[in-house]
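Below are the chains, spelled out letter by letter.
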Amino acid sequence: MIESDTIPMYVRIVAGFFALANIVYGVVGYFKPSQIFENSTEGIDVKGKGARYAGYEYASRNLSIGIGLLIAASIGSPLGIIMVVIVRALVEIQSMLINIKLRKINEGFITAAVFIAIELFIIFKCLN
């Protein structure tokens, strides 16, 4: 079993910042569900029930990932941090694949790539 004192404090702090970003992004999503349509809103009624419910699902996903990561970072559980960061990385990979499919290498793609790099750093630091 990996002890929590083997994780550098800065790794827990970075994971905590990621957690807070997810929590804030999740809460904002409840008030502005149209944010999920960053690539295109063409043909989508962003004020309709379907778009709102999709936004709420998106927001709840981000909120739950953020809460899970905040708990893992607070406790200092390396395996907990790794598991939640892997889930978060999968979300970023999904965003990148969507952008590639749409042939849009925009700020969403670049942000996801930067976040994946940071998430891989966290994972490797928790393993070592």
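Draft legend 1. A look at the overall build of the protein. Looking only at helices and strands, the protein has four helices and zero strands in total. The secondary structure elements of the protein, listed N-terminal to C-terminal, are α-α-α-α. Looking at the protein as a whole, 38% of its 128 residues qualify as buried. Within the protein, residue pairs in contact and separated by at least 24 positions form 68% of the contacts whose partners lie at least 6 positions apart. Split by element, the accessible area of the protein, about 7,800 Å² in all, is 69% carbon and sulfur.

Draft legend 2. Spotlight on unusual backbone geometry. In this structure, Arg103 is a non-glycine residue whose phi angle is positive, near 60 degrees. In this structure Arg103 comes out as exposed when scored by relative accessible area, which is 78%.

Draft legend 3. Up close: the environment of Ser77. Structurally, Ser77 can be placed in the loop between α2 (49-75) and α3 (78-101). For Ser77, a relative accessible area of 28% translates into the label partly exposed. Taking the C-alpha atoms as reference points, Ser77 and Thr6, separated by 71 residues in sequence, lie 9.9 Å from one another. Residue contacts for Ser77: discarding those within four places in its chain leaves Ile7 and Ala72.

About the cut-offs
- Residues numbered from 1 in each chain as written.
- Predicted model: local features only at pLDDT ≥ 70, side-chain atom pairs only at ≥ 80, totals over all residues.
- Heavy atoms only, no water.
- Helix = DSSP H or I, 4+ residues; strand = E, 2+ residues; numbered from the N terminus.
- Buried < 20%, exposed > 50% of the residue type's maximum accessible area, 1.4 Å probe, protein only.
- Contact = heavy atoms within 4.5 Å.
- Areas by Shrake-Rupley, 256 points an atom, 1.4 Å probe, with all protein chains shown as cover.

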